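Here is how the chains run, residue by residue.
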Amino acid sequence: MDKKYVCTVCDWVYDPAIGDPDSDIAPGTAFADIPDDWVCPICGVGKDEFEPVE
């Protein structure tokens, strides 16, 4: 199973099992496969502000 990633700014968690429907990211999409211009749906920071959930 792909890892979840957490936004280091607002603590929103990207769960690959859910995706990000509001941004047209389908369930089952690995974090690495999200387009580079995607941003956190809560605070708007880029993928570089996310860290894997341990």
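The structure under discussion appears in the preceding block.
Residues numbered from 1 in each chain as written. Predicted model: local features only at pLDDT ≥ 70, side-chain atom pairs only at ≥ 80, totals over all residues. Heavy atoms only, no water.

(A) Looking closely at the pattern of salt bridges. Tallied over the full model, the rule gives 3 salt bridges. A salt bridge links Asp 15 to Lys 4, with the shortest nitrogen-to-oxygen separation between them at 3.8 Å. A residue pair is termed long-range when its members are at least 10 positions apart, and Asp 15 in the loop between β2 (13-14) and β3 (50-52) and Lys 4 in the segment before β1 (5-7) qualify at 11 residues. The class of Asp 15 is buried, set by a relative accessible area of 15%. The salt bridge involving Lys 47 is made with Asp 36; its shortest N-O contact spans 3.8 Å. On the criterion of sequence distance, the pair formed by Lys 47 in the loop between β2 and β3 and Asp 36 in the loop between β2 and β3 is long-range, its members being 11 residues apart. Relative accessible area serves as the criterion here: at 14%, Lys 47 is assigned to the buried category. (Salt bridge = Lys/Arg side-chain N within 4 Å of Asp/Glu carboxyl O. Helix = DSSP H or I, 4+ residues; strand = E, 2+ residues; numbered from the N terminus. Buried < 20%, exposed > 50% of the residue type's maximum accessible area, 1.4 Å probe, protein only.)

(B) A look at the packing of aromatic side chains. The tally for this structure, following the rule as stated, stands at 9 aromatic pairs. Their ring planes at 85° and their centres at 6.3 Å tell us that Trp 12 and Phe 50 sit as a pair that is edge-to-face. Of this pair, Trp 12 sits in the loop between β1 and β2 while Phe 50 sits in strand β3; the two residues are 38 residues apart in sequence, bridging distant segments of the chain. Here Phe 50 falls in the buried class, since its relative accessible area comes to 7%. Taking 5.5 Å as the distance between ring centres and 40° as the angle between the ring planes, the aromatic pair formed by Phe 31 and Phe 50 counts as tilted. Separated by 19 residues along the polypeptide, Phe 31 in the loop between β2 and β3 and Phe 50 in strand β3 bring together distant segments of the chain. Side by side, Phe 31 and Phe 50 carry an identical accessibility label, which is buried. Ring pairs connect the aromatic residues Tyr 5, Trp 12, Tyr 14, Phe 31, Trp 38 and Phe 50, which therefore count as one cluster. Against the face of Phe 31 rests Lys 47, its NZ or CZ located 5.2 Å from the ring centre. (Phe/Tyr/Trp six-rings, centres within 6.5 Å; stacked < 30°, edge-to-face > 60°. Lys NZ or Arg CZ within 6 Å of the ring centre and 35° of its normal.)

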